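Per-entry structural report
Given next are the chains, with one letter for each unit.
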Amino acid sequence: MVADTMRNRWLSPIAVVVLAAVIVLGAALDPSGLAAPYTWTGADLLPVAGLWQVAALAVYVPLLLAGVGVLAWVVARGRAPLRTALLVWGAVVWSAMAAKLVMSLVMAFGDVVYLAWSTGFTGVKAAVFGLPVLVATWLTQFLRRRPTPPPSSSTSPVDAGPAAASGSFFPPAAGPGWVAAGAAVVLGVLVGGVWWGGSPVGYAIGDSPLAPAPEAGPLGCLAAVTLLGVVTWALNRWLSGTTSPPAVVAGVSALGAAATLGLVEVAIGLPDDLAGGDTFWAPAIMLRLAPALSLGALLAVATAALVALLPARRAALLPGRKGVALSAPIRMAAVVAAAALAVPLLQPGTTSAQPPRTKGLTLSAERRIVDADGNEVLLRGVNVNQLEDYFQKFPDKAVTRPLTEADFAGMEQMGFNVIRLALSWSALEPQPGHYDPAYLARISWAVETAAKHGLRTVIDMHQDAWGKGVNAAPGTICENGSPMHGWDGAPTWADRFDGAPKCEFTGRDISPAVARAFTNFYQDRDGIQTRLVAAWRMLAERFASEPMVAGYDLLNEPGFGEAPPITSGVLLGRYYDRAIKAIRAGEKRGFPHLIFFEPSVLWSGLGFEVSVPKDFTDDRLLVFAPHLYNESITIDQGTGITVTSIERGFDLASRAAAYYGAGLWSGEWGWFGDPASAPITKYTDQEDRHRIGGAFWVWKQSCGDAHSAAESKTGGNLMIEDCATEKDLPPTPEYVAELSRPYPRSAPGRLTDLTADQASLTVQGEGTGCGLDVWFPGAARPVVRSTGLTDVAARQTPGGWRITGCARDAYTLTAHR
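Computed from a predicted structure; not experimentally measured. (Residues numbered from 1 in each chain as written. Predicted model: local features only at pLDDT ≥ 70, side-chain atom pairs only at ≥ 80, totals over all residues. Heavy atoms only, no water.)

1. Details of the state of the cysteines
Inspection of the entire model under this criterion finds 3 disulfides. One disulfide bridge connects Cys 703 with Cys 723, the sulfur atoms lying 2.0 Å from each other. Handedness here is read from the sign of the S-S torsion; for Cys 703 and Cys 723, about -95°, the answer is left-handed. A residue pair is termed long-range when its members are at least 10 positions apart, and Cys 703 in the loop between strand E14 (694-697) and strand E15 (720-721) and Cys 723 in the loop between E15 and strand E16 (728-729) qualify at 20 residues. (Disulfide = S-S within 2.5 Å. Helix = DSSP H or I, 4+ residues; strand = E, 2+ residues; numbered from the N terminus.)

2. Here's the deal with the confidence of the model for the protein
Per-residue confidence for the protein gives a mean pLDDT of 87; residues scoring 70 or more make up 88%. Per-residue pLDDT stays below 50 along residues 151-174; that stretch engages in 28 contacts with residues further than four places along the chain or on separate chains. Predicted confidence for residues 334-351 stays below pLDDT 50, and this span has 24 contacts to residues more than four positions away or in other chains. (pLDDT = per-residue confidence, 0-100. Contact = heavy atoms within 4.5 Å.)

3. Details of the pairing of strand E21 (residues 800-816)
Direction of pairing for strand E19 (residues 760-777) relative to E21: antiparallel, over a ladder of 16 bridges. Each residue of the ladder has a partner; that of Phe 776, found in E21, is Trp 801. Pairing between strand E20 (residues 783-797) and E21: 12 bridges, direction antiparallel. Of the residues in E21, the one forming a bridge with Ala 794 is Ile 803. Two successive antiparallel strands, E20 and E21, enclose a turn made up of 2 residues, where Gly 799 displays a positive phi of approximately 90°. (Pairing = 2+ DSSP bridges.)

4. Details of the side chain of Thr 137
Within the secondary structure, Thr 137 sits in helix H6 (residues 131-143). At a separation of 2.7 Å, a polar atom in the side chain of Thr 137 contacts the main-chain carbonyl oxygen of Val 133. When residues no more than four places from it in sequence are discounted, the contact partners of Thr 137 are Leu 11, Thr 84, Ala 85 and Val 88. (Polar contact = N/O pair within 3.5 Å; in protein donor to acceptor, adjacent residues only side chain to side chain.)

5. Thoughts on unusual backbone geometry
As a rule of thumb, non-glycine residues mostly have phi less than zero, and peptide bonds are mostly trans rather than cis. That bond from Leu 46 to Pro 47 is cis: its omega, -5°, falls within 30 degrees of zero. Put simply, Trp 697 and Val 698 share a cis peptide bond, and its omega is 5°. Positionally, Val 698 belongs in the loop between E14 and E15. Residue Asp 526 is not a glycine yet carries a positive backbone phi of 55°. Looking at the secondary structure, you find Asp 526 in the loop between helix H18 (512-522) and helix H19 (528-542). Note on Asp 526: relative accessible area 58%, which makes it exposed. In this structure, Glu 631 takes a positive phi of about 65° despite not being glycine. For Glu 631, the position within the fold is in the loop between strand E11 (622-624) and helix H22 (646-660). Classification of Glu 631 by relative accessible area gives buried; the value is 16%. (Buried < 20%, exposed > 50% of the residue type's maximum accessible area, 1.4 Å probe, protein only.)

6. Notes on helix H15 (residues 405-413)
The set of residues buried in H15 consists of Asp 407, Phe 408, Gly 410 and Met 411. Along H15, the residues classed as buried sweep out an arc of 155° about the axis, all on the same side. Considering only its buried residues, H15 is in contact with strand E4 (380-384), strand E5 (418-424) and helix H17 (437-452). Just downstream of H15, Gly 415 is the residue with a positive phi angle, here 85°. (Arc of directions from axis to C-beta.)

7. Describing empty space enclosed by the protein
Applying the stated criterion across every chain, the model contains 3 cavities of 30 Å³ or more. The calculated volume of the largest cavity comes to roughly 110 Å³. Lining the largest cavity, in full, are Arg 380, Gly 381, Phe 416, Trp 669, Thr 684, Glu 687, Gly 694, Phe 696, Glu 738, Leu 739, Arg 741 and Tyr 743. Elements supplying a minimum of two residues to the lining of the largest cavity: E4, helix H23 (680-690), E14 and helix H24 (733-739). In the lining of the largest cavity, the residues fall into 5 nonpolar, 3 polar and 4 charged. (1 Å grid on protein atoms, 1.4 Å probe; cavity = no way out; pocket = protein on both sides within 12 Å on 5 of 7 lines; lining within 4 Å. Points joined across faces, edges and corners; volume = space filled by probe spheres on them. Nonpolar A, V, L, I, M, F, W, Y, C, P; charged D, E, K, R; others polar.)

8. Some points on H17
Given a rise of 1.5 Å per residue, 16 residues ought to cover 22 Å, and the 23 Å separating the end C-alpha atoms of H17 matches this to within 8%. When we look at burial in H17, the residues that qualify are Tyr 439, Leu 440, Ile 443, Ser 444, Ala 446, Val 447, Thr 449 and Ala 450. For H17, the secondary structure elements touched by its buried residues are H15, E5, helix H16 (425-428), strand E6 (456-462), H19 and strand E9 (549-553). Taking the backbone nitrogen of Ala 438 as reference, a side-chain oxygen 3.0 Å away marks Asp 436 as the first, capping residue of H17. Positioned one or two residues after H17, Gly 454 has a phi angle of 75°, which is positive. (Expected span 1.5 Å × (residues − 1).)

9. Some details on the packing of aromatic side chains
Enumeration according to the criterion identifies 31 aromatic pairs in this entry. With 5.6 Å between their ring centres and 70° between their planes, Trp 536 and Tyr 552 make a pair best called edge-to-face. In this pair, Trp 536 sits in helix H19 while Tyr 552 sits in strand E9, placing the two residues 16 residues apart along the sequence. For the residue pair Trp 536 and Tyr 552, the accessibility class agrees, reading buried in each case. Relative to Tyr 660, the ring of Tyr 659 lies with its centre 5.1 Å away and its plane at 85°, an arrangement referred to as edge-to-face. Take Tyr 659: its relative accessible area is 9%, and that puts it in the buried class. On the accessibility criterion, Tyr 660 (4% relative accessible area) is buried. One Lys or Arg, Lys 397, reaches over the ring of Phe 394 and ends 5.0 Å from the middle of that ring. Cation over ring: Arg 508 sits above Trp 487, and NZ or CZ is 4.4 Å from the ring centre. (Phe/Tyr/Trp six-rings, centres within 6.5 Å; stacked < 30°, edge-to-face > 60°. Lys NZ or Arg CZ within 6 Å of the ring centre and 35° of its normal.)

Given below as structure tokens:
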């Protein structure tokens, strides 16, 4: 054994050198860090404002390299090249997750379970960037392989251990294999279901295989935990041929068993993943494997520790007595029996909390948005960006168009009942602690004028790519990507770029400067987050008693920062919690309003995302408000493929809202391009199918808007500006017709079904009261039929008709031209 160790003395340094090369190469090729093992944004490392600033370089990378180096040295003993290489590969995956957890705790102390779970994504990446290490390890072992000497006649079977049969596919199994299998099963039973199903992508991957699900039941759970035990035992038996320490073999075996369970989940979910007509199956593999690997890392620690604590000779005999091991079938039966007895422990508990009553909008027990009388409300309307403080991209063009009462009258004529009013922090608080009274007056005027035209307001703290300060200086050269122009959002006094390049890498939000600015914000560096939290309290005090304010959108498309999902999950959730508490404090003399919260900007670009922790707040007036840009401006559309279809996007958003126990609303959608070929009807059909509302982007966009290009002929998007003449053009008929389609603005009780097109509508619901209010467009009086309704009437309003009535229990209303 000593000779084997000396012969493989180069294995550990080779593994470390290869891994270090992969880290450096990844940092150079992927400055976003989304795919690479480590990212260096180019930001200054000094002065150090906090340990979080250098955690990746000072904690993660050294621990990763040290972990791989030590474990590679420990396993560099045997004469089995492939098995030794697989052990080193497992060491890379586990070391990466362990190093990431320590780094995460440095950056965001607390939320240990969430942070430990999030290391699963690191594990998936590590399995990929660890492949060069696996190959190098195997080549080192293979090229230096020596013939296996025959065992000495004086060596006893127990002392020889698995090395005596290293040439066989399954060496004789020692006790540690059964110990590891038992530990994997017990831990899988005790924590597996909660760990797996409670992950921040639980909404996307469905129920945990380690908890009883309606379709699988306890038998499915029993099969899952049995698979954990069997694969742990089998891998332990095979890998023990390397003569590596039993504890290391047991740990890697448990990690591999959990990964195997994840692959089984991939296979089970594949038919559904393929059914959507998109390529969501590809990211779904990662989403299903991530919780599996994070659970595997936990199992690896526990099984390795348990095996290491057992005396070697006693471990070799377990679980037999007097040196006579029990037969394999008996041991396996014991493992399965233990799993079966413990399956009931996996049933997750459920808790429910009812939202408080309010004079404005609230949520029903079924998480539907309702008014103070219990009528379900569909909030459908448009974004208004005419109060935004955009970067002046074109000196000769205004960045926004004036907001007048005529705008609100036009929205009323299209049947809208809500606006999402975008504010800019930079205009609201131009200096720390100083709020611009003129800007506040414009906000109040907009809320009041919208209310005059039957429009509620969602107040949105808007930002794009952090703010104006991301504008690159003239002559900036970017090694990756291109120089940025400014955007909107944060005031320049809140900028903390720390020298990070103002370059965009495949998009404005994937930028070193933006990532560092958001990381500093999430860490509340110099109190900049505290200032925005205080601004929310001030706004809440101002509108505390305003029933036509639907609620507050805490931050538009938050940046993912430098270390997602630490920054875009834990730390974003902490900001949300602080902002919600500040808003509630500001509403003490009024009543609570809805809180609209968003996942990071990656949802807008991908159609899904790892979001904030499930318990990020104890407030119950929550509405999950992602931006459903599927099949319009998501990243995949530039490649000619669709990763997440419109239908899939709605399903994922609905499941995420249920995951949080929140309502659902699409804060932005649109940007489909050519109206004649745009899938806008497919979108609005899904909106009806899910019976939710949303806000189209955008009502009026200036040709000088930061989104516009120098060659743009119009400003877009709904009410169009001619860039040459600066005059209004007729809005796009296809958009107007689809956005004005009939829908129930409110309905007694709850809606049970909704189908509509541009000329007809069918509404079904259950409830009692006179809160039915249906919008129907056009000058011609609609033909109305109903059952279960009384006092049905239609009155003409600007742009169309409002159909009202009273319900008692189940009801149906149809209307057509």
